[in-house]
Amino acid sequence: MARFGLLFLLAAALGGVAASPVDEQQLLGNPSSLAPGKEWDWTDCGTDSHIVRINRIEVSPDPPQRGQDLTITVEGVASEDVEDGAYADVTVKVGVIKILQKEFDVCEEAEKANASIQCPVTKGSHKVVQSVTLPKEIPPAQFKVNVRGFTVEDDDMVCLDLMMDFRPKRGSFLSW
């Protein structure tokens with residue numbers, strides 16, 4: 001939550017975030033789970049036990065572009081305060097291959113990024129806007145990002161699944 005913590009974690013995972021709601025029955029990581037024309041989707045996979053619920057994620061430009069600045073807006077609600085020591089486990093996959101699996105200190109990442117929200121984060125509604133530069137070197141692949149956040153007491157804090165598709169789109173090349 002500290003900066004919803006996720007923003008930093010996702011930026012660290014791929015150099016940026018991309019998102020929009022998906023039907024909860026869709027399988028993230030399955031190429032067919034993206035709606036036609038969609039290049040990213042997200043779902044808040046949290047339950048009533050999770051302290052932070054994400055209501056909206058918006059990106060600009062939409063769709064995100066390699067090598068360009070990306071502005072991410074995240075809105076959500078914390079049902080309790082988030083204290084120093086909160087952490088998140090982030091896994092990034094391309095297909096079934098894990099390319100990153102790392103634990104991040106949410107509050108430390110918020111401090112490093114000079115975020116507008118710092119720990120402790122008070123309960124209530126929060127809106128965070130952050131800009132990151134996407135690396136030019138993002139490979140042309142579909143990425144699945146899983147974020148599982150926990151409080152310092154190891155209670156469920158946040159659950160977020162994202163999918164980003166940087167593969168070339170049909171029709172993007174001249175056909176003879």
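Use the structure listed above.
Residues numbered from 1 in each chain as written. Predicted model: local features only at pLDDT ≥ 70, side-chain atom pairs only at ≥ 80, totals over all residues. Heavy atoms only, no water.

Asker: Just to check I follow, could you spell out the sheet that holds strand β5 (residues 97–105) for this structure?
Answerer: To summarise the sheet geometry, strands pair through backbone hydrogen bonds and adopt either a parallel or an antiparallel arrangement. The sheet built from 5 strands is open, its strands ordered β1-β8-β7-β4-β5 with antiparallel pairing. Of all strands in the sheet, those bounded by a partner on one side alone are β1 (40–44) and β5. Between one strand and the next, the sheet's axes are offset by a mean angle of 15°, whatever the strand orientation. Bridge count between strand β4 (residues 87–94) and strand β7 (residues 142–150): 8 bridges; the pairing is antiparallel. Among the inter-strand pairings, tyrosine 87 is bridged to a residue of β7, identified as phenylalanine 150. (Pairing = 2+ DSSP bridges. Helix = DSSP H or I, 4+ residues; strand = E, 2+ residues; numbered from the N terminus. Axes fitted to C-alpha atoms, helices over the stretch in contact; angles between N-to-C directions.)

Asker: Even after reading the chapter, I still don't get the state of the cysteines, so can you show me in this structure?
Answerer: A covalent bond between the sulfur atoms of two cysteines is referred to as a disulfide. Summed over all chains, the structure comprises 2 disulfides. Residue pairing for cysteine 45: its cysteine sulfur links by disulfide to cysteine 159, the two sulfurs lying 1.8 Å apart. On the sign convention where negative means left-handed, the S-S torsion of about -95° between cysteine 45 and cysteine 159 marks this disulfide as left-handed. Taken together, the residues cysteine 45 in the loop between β1 and β2 (52–60) and cysteine 159 in strand β8 (residues 156–165) connect sequence positions 114 residues apart. Two residues share a disulfide in this structure: cysteine 107 and cysteine 119, whose sulfurs sit 1.9 Å from each other. What sets the handedness of the cysteine 107 and cysteine 119 disulfide is the S-S torsion sign, and at about -75° it is left-handed. Taken as a pair, cysteine 107 in helix α2 (residues 106–112) and cysteine 119 in the loop between α2 and β6 (124–133) lie far apart in primary sequence, 12 residues in all. An identical accessibility class is assigned to cysteine 107 and cysteine 119; each is buried. Each bonded cysteine of the chain is numbered by sequence order, and under that numbering the disulfide pairs are 1-4, 2-3. (Disulfide = S-S within 2.5 Å. Buried < 20%, exposed > 50% of the residue type's maximum accessible area, 1.4 Å probe, protein only.)

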